[in-house]
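Descriptive structure summary
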2 protein chains.
Amino acid sequence: MQRWKATVSYDGTQFAGYQVQPGARTVQREIERSLAKMHKGTSVRISASGRTDAGVHAIGQVVHFDSPLAIVAERWQRALNALLPADIRIMDVEAVASDFHARYSVEEKEYHYRLMTGSEPDVFRRNYATHFPHPLNHAAIQEAMAIFTGTHDFTSFSSARSEVEDKVRTISMFKLETAGDELIFKVRGNGFLYNMVRIMAGTLLDAGQGRIQPDDIRSMLAEKDRSTAGKTAPPHGLYLYRVTYK
Amino acid sequence: MQRWKATVSYDGTQFAGYQVQPGARTVQREIERSLAKMHKGTSVRISASGRTDAGVHAIGQVVHFDSPLAIVAERWQRALNALLPADIRIMDVEAVASDFHARYSVEEKEYHYRLMTGSEPDVFRRNYATHFPHPLNHAAIQEAMAIFTGTHDFTSFSSARSEVEDKVRTISMFKLETAGDELIFKVRGNGFLYNMVRIMAGTLLDAGQGRIQPDDIRSMLAEKDRSTAGKTAPPHGLYLYRVTYK
């Protein structure tokens, strides 16, 4: 058995999310189905760095799997891409030690959230960036990002459905970039709770519109109550950009 | 009655092309359906600068229509966009004289053809640029573009199904641009025959790979025979970029 690490890009538009669920087209199902074809019908389970929701995209999702097949990395990539649908691409495959785990070995993850700010949404990006044509104060957003940065209990910024116990996470980078008519929020951290990036994005939009003061985020964090934070921003602006490992 | 000129952008991916055809989702059908709603069910016919095929995109398609409604340009745009599906957007509406015709008044049209050149196709652009990972000689492509430029009989570069009699057209601009990992062919002219841009794009790719010499295009033009030219490049790399009027 050899353990393999694969870096995967997918367009989330036509998926019911990453994780297998009965009767739904999911990323995990498509990859496992392609692996099963390569293993003459034997099922091969993959483990990802984490799930992504319906509509959320990935540029650098990471999964691992074990296989008895004697195949080199480049052939894994070519063979899987030949079997996978066009909205999933394997960008890289490498052999890893048997104790590597796509989820438990994560050092940091980086997410990007794209907003297109023109008055009319660009048809070509309607599934790839959230349309937000209202004026935004960039300095207020940056101030709010600085408050999120560091180690905090993010209970207020996670879905009430989140099941993990420990909600303390560390954000090491949070920045605003502009590219053409787009604003991009880039955030990196050692872990993210369910919906955390989208709730932070919604709260940053509140700060950018002056609906809250950046400083209000301190009390939201302290309250540990989802209802104090902003709305969950739509999924189609969100990208799992990169996962790094120890 | 007032005649209106509308500039329309659409993502061609989920359309069977521009023109109405029975049982098919087309751009014309969607726009006429939205106009009929605004006219309490009365059908309103639109005329476009020309058709686009299934999968072909538009950034600046132009249509015109006549209406008895007393509505200002900005309201037309807002009302139509509220009724149209998300893959069609009205970018501009203006009142025009009653002798304006979206097709017959055209001065020039500009098309862009996008190629993504990375080894793996980017999942997010799979419907928006043609994947072409093979090496291309840019100088040869530019030489070929220069030969296409000017006034020629383009019979060899139009679908055998083309029904127009006069196949002489003038190309006023043909250039190659690069943007990130993309190559973009930009062509402007006083008119284009059926499939002409896609056949020229396919022939430019032949020149770029050294399968033909740029000079061979002179004899292809002289032959007036579709079988002498290159393949028709796929539709999803093609954009109707702009239409200008006298």
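Residues numbered from 1 in each chain as written. Chains lettered and ligands numbered in written order. Predicted model: local features only at pLDDT ≥ 70, side-chain atom pairs only at ≥ 80, totals over all residues. Heavy atoms only, no water.

Turning our attention to the overall build of chain A. Counting secondary structure elements, chain A contains 5 helices and 10 strands. Whereas a compact globule of 246 residues would reach a radius of gyration of roughly 18 Å, chain A reaches 19 Å, a difference of no more than 12%. In terms of overall dimensions, chain A has a C-alpha envelope of 60 × 40 × 30 Å along the principal axes. In chain A, which comprises 246 residues, the proportion classed as buried is 55%. (Helix = DSSP H or I, 4+ residues; strand = E, 2+ residues; numbered from the N terminus. Rg over C-alpha atoms; globule rule 2.2 N^0.38 Å. Buried < 20%, exposed > 50% of the residue type's maximum accessible area, 1.4 Å probe, protein only.)

As a further point, take the pattern of salt bridges. Applying the stated criterion across every chain yields a total of 38 salt bridges over all chains. In this structure, the salt-bridge partner of A:R125 is A:E182, at a minimum N-O distance of 2.7 Å. Here the residue A:R125 occupies a position in the loop between β5 (106–116) and β6 (130–131), and A:E182 occupies one in strand β9 (residues 182–189), the gap between them amounting to 57 residues. We classify A:R125 as buried; its relative accessible area is 18%. A relative accessible area of 7% means that A:E182 is categorised as buried. The salt bridge partner of B:D11 is A:R126, with a shortest N-O separation of 2.8 Å. Of the two residues, B:D11 sits in the loop between β1 (2–10) and α1 (27–38) while A:R126 sits in the loop between β5 and β6, which places them in two different chains. Residue B:D11 shares its accessibility class with A:R126, and that shared class is buried. Shared partners join several salt bridges into a network, and the residues in it are A:R114, A:D122, A:R125, A:D181 and A:E182. (Salt bridge = Lys/Arg side-chain N within 4 Å of Asp/Glu carboxyl O.)

Turning our eyes to something else, we now look at the UniProt feature "domain: Pseudouridine synthase I TruA alpha/beta" (unreviewed entry) in chain A. Residue and element names in this part refer to chain A. Here the UniProt-annotated "domain: Pseudouridine synthase I TruA alpha/beta" (unreviewed entry) positions come out as residues 6–105 and 144–245. Along residues 6–105 one finds 23% helix and 27% strand; the C-alpha atoms at either end are 14 Å apart. The annotated region residues 144–245 carries 25% helix and 31% strand content, and the separation between its end C-alpha atoms amounts to 28 Å. (UniProt positions renumbered as here; feature names shortened; annotations may be inferred.)

What follows is about the relation of the copies chain A and chain B. You can overlay chain A on chain B at an RMSD of 0.0 Å; the transform is a turn of 180 degrees with a shift of 0.0 Å along its axis. Expressed as an axis order, the relation between the two copies is that of a two-fold axis. With an isologous cut-off of 70% or more, the 100% of interface residues of chain A that recur at the interface of chain B puts this contact in the isologous class. (Least-squares fit on C-alpha atoms with pLDDT ≥ 70 in both. Contact = heavy atoms within 4.5 Å.)

Bringing the interface of chain A and chain B into the picture now. The partner chain B presents 22 residues to the 22 residues of chain A that form the contact. Roughly 1,600 Å² of surface becomes buried between chain A and chain B when both sides are summed, with 61% attributable to carbon and sulfur atoms. Inspection of the chain A/chain B interface yields 2 salt bridges. Elements with a contribution of two residues or more to the side of chain A that touches chain B: β1 (2–10), β3 (57–67), α2 (73–83) and β4 (88–96) of chain A. Of the residues forming the side of chain A that touches chain B, the biggest block, 4 residues, is contributed by β4(A). Broken down by class, the residue content of the side of chain A that touches chain B amounts to 12 nonpolar, 5 polar and 5 charged. (Buried area = accessible area lost by both parts, 1.4 Å probe. Nonpolar A, V, L, I, M, F, W, Y, C, P; charged D, E, K, R; others polar.)

As a further point, take the UniProt feature "active site" (unreviewed entry) in chain A. Residues and elements named next belong to chain A. Residues annotated by UniProt as "active site" (unreviewed entry) correspond here to D53. You can see D53 is positioned in the loop between β2 (47–48) and β3. Not counting residues within four places of it along the chain, the set of residues in contact with D53 comprises G17, Y194, N195 and R198.

Further remarks concern the domain arrangement of chain A. Residue and element names in this part refer to chain A. Domains assigned within chain A are domain 1 (2–96) and domain 2 (108–245). Taking only C-alpha atoms, the centre of domain 1 and the centre of domain 2 are 27 Å apart. Taken together, the two surfaces of domain 1 and domain 2 that pack against each other cover about 1,300 Å², and 56% of this comes from carbon and sulfur. Of all residues in domain 1, D53, H57 and I59 give up the largest surface area on contact with domain 2, accounting jointly for 38% of the area buried on that side. Viewed at the interface, domain 2 and domain 1 are joined by 1 salt bridge. (Domains from an automatic or database assignment.)

In this structure the tally under the stated criterion is 18 aromatic pairs over all chains. Between A:F100 and A:Y245, the ring centres sit 4.7 Å apart and the planes meet at 55 degrees, which makes this aromatic pair tilted. With A:F100 in the loop between β4 and β5 and A:Y245 in strand β10 (residues 238–245), this residue pair connects regions lying 145 residues apart in the sequence. Residue classification places A:Y245 among the buried positions, given a relative accessible area of 15%. Judged by centre distance (5.9 Å) and plane angle (80 degrees), the ring pair of A:F124 and B:Y128 falls under edge-to-face. (Phe/Tyr/Trp six-rings, centres within 6.5 Å; stacked < 30°, edge-to-face > 60°.)

Residue and element names in this part refer to chain A. Summarising the element assignment, A24 is placed in the loop between β1 and α1 (27–38). Classification of A24 as buried rests on a relative accessible area of 13%. Not counting residues up to four positions away in its chain, the partners in contact with A24 are A16 and R29.

Glancing now at unusual backbone geometry. A positive phi angle, near 55 degrees, is found at A:K224, a position not held by glycine. Here A:K224 lies in the loop between α5 (216–223) and β10. Positive phi is not limited to glycine here, since B:K40 has a value of about 50 degrees. Note on placement: B:K40 falls in the loop between α1 and β2 (47–48). In this structure B:K40 comes out as exposed when scored by relative accessible area, which is 82%.

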